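Residues per chain are reported as follows:
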Amino acid sequence: LPTIGLIVAGIGGQIVASIGLTLWGLIPYVGWLFGWLLLMAGYGFALGLMIGTSVVIARRLGAGDRADADRLSTHAIFLGLGIVVIVSGLGLATQSALFSALGASGELLPVIERYMRIWYLSAVVLVVPMMVNGILRAHGDARTPRDVMILVAVVNGLLDPLLIFGWGPIPAMH
């Protein structure tokens with residue numbers, strides 16, 4: 001059940017963002033879709049890192065080697081951080097060429113680049129917590145990662161409309 005809650009929360013956040021962007025216009029929505037496809041590939045890779053982290057650490061814990069499990073936990077977090085820095089840097093440097101090769105042009109390309117710049121610069125906020133989730137799961141705690149992800153999805157669902165359309169002193173993101 002904890003994993004189902006995690007999946008539902010993640011999908012719910014994407015639905016809120018999608019609805020908000022469709023109301024904003026076709027170009028922003030299509031731009032988001034271009035980025036979303038790439039982000040889902042990155043998310044799949046990060047998920048693989050999380051699962052691998054969980055397996056390796058659980059094996060060390062099962063063998064009674066807490067010190068090695070702790071060492072590997074630290075290494076996993078730094079591995080995730082290092083990969084994010086490299087991939088985000090490459091993504092930022094090549095995004096025009098990449099999205100042009102995927103068929104984006106005209107007024108769509110700047111929208112995609114603006115959106116992806118935010119994602120590339122904030123990817124660490126996704127990947128490092130995923131690594132920590134894997135570590136917690138290896139220790140037998142699946143509820144904490146689920147609860148954190150549900151909270152993040154709720155906050156995201158509340159902030160998306162606020163940041164997309166603006167409200168009071170917060171300007172709309174055009």
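Since we're looking at a predicted model, the values are computed, not measured. (Residues numbered from 1 in each chain as written. Predicted model: local features only at pLDDT ≥ 70, side-chain atom pairs only at ≥ 80, totals over all residues. Heavy atoms only, no water.)

Peer 1: Quick question: what am I supposed to make of the packing of helix H2 (residues 26–62) against helix H4 (residues 108–122) here?
Peer 2: At a minimum axis distance of 8 Å, the contact between H2 and H4 shows a crossing angle of 45°. When the axes of H2 and H4 are compared, the pair comes out oblique. Considering the relative orientation of H2 and H4, their crossing is right-handed. For the pair H2 and H4, contact is made by Ile27, Pro28, Val30, Gly31, Trp32, Phe34, Gly35, Leu38 and Leu39 and by Leu108, Val111, Ile112, Tyr115, Met116, Trp119 and Tyr120, respectively. A breakdown of the residues in the contact of H2 with H4 according to their chemical character gives 14 nonpolar, 2 polar and no charged. (Axes fitted to C-alpha atoms, helices over the stretch in contact; angles between N-to-C directions. Helix = DSSP H or I, 4+ residues; strand = E, 2+ residues; numbered from the N terminus. Parallel < 35°, antiparallel > 145°, perpendicular 65-115°, else oblique. Left-handed = near helix turned anticlockwise from the far one by under 90°. Contact = heavy atoms within 4.5 Å. Nonpolar A, V, L, I, M, F, W, Y, C, P; charged D, E, K, R; others polar.)

Peer 1: What is the right way to read the packing of aromatic side chains from this model?
Peer 2: Across all of its chains, the model carries 2 aromatic pairs by this definition. Here Trp32 and Trp36 contribute two aromatic rings whose centre-to-centre distance is 6.2 Å and whose plane-to-plane angle is 35°, an arrangement assigned as tilted. Linking Trp32 with Trp36, this pair stays in helix H2, spanning 4 residues, or about one helical turn. Judged by its relative accessible area of 28%, Trp36 is partly exposed. An aromatic cluster is defined as three or more aromatic residues linked by ring pairs; in this entry it consists of Tyr29, Trp32 and Trp36. (Phe/Tyr/Trp six-rings, centres within 6.5 Å; stacked < 30°, edge-to-face > 60°. Buried < 20%, exposed > 50% of the residue type's maximum accessible area, 1.4 Å probe, protein only.)

Peer 1: Explain the pattern of salt bridges to me, please; I cannot follow it from the model alone.
Peer 2: Working definition: two side chains of opposite charge can pair if their charged atoms are close together. One pass over the structure, following the stated rule, counts 5 salt bridges. Its salt-bridge partner being Asp70, residue Arg66 comes within 3.4 Å of it at the nearest N-O pair. Taken as a pair, Arg66 and Asp70 lie in helix H3 (residues 66–101) at a separation of 4 residues, close to a single helical turn. Overall, the relative accessible area of 35% leaves Asp70 in the partly exposed class. Across the pair Asp68 and Arg71 runs a salt bridge whose closest N-O atoms are separated by 2.4 Å. Here Asp68 pairs with Arg71, and both are found in helix H3, just 3 residues apart, close to one helical turn. Overall, Asp68 belongs to the buried group, its relative accessible area being 16%. We classify Arg71 as partly exposed; its relative accessible area is 41%. (Salt bridge = Lys/Arg side-chain N within 4 Å of Asp/Glu carboxyl O.)

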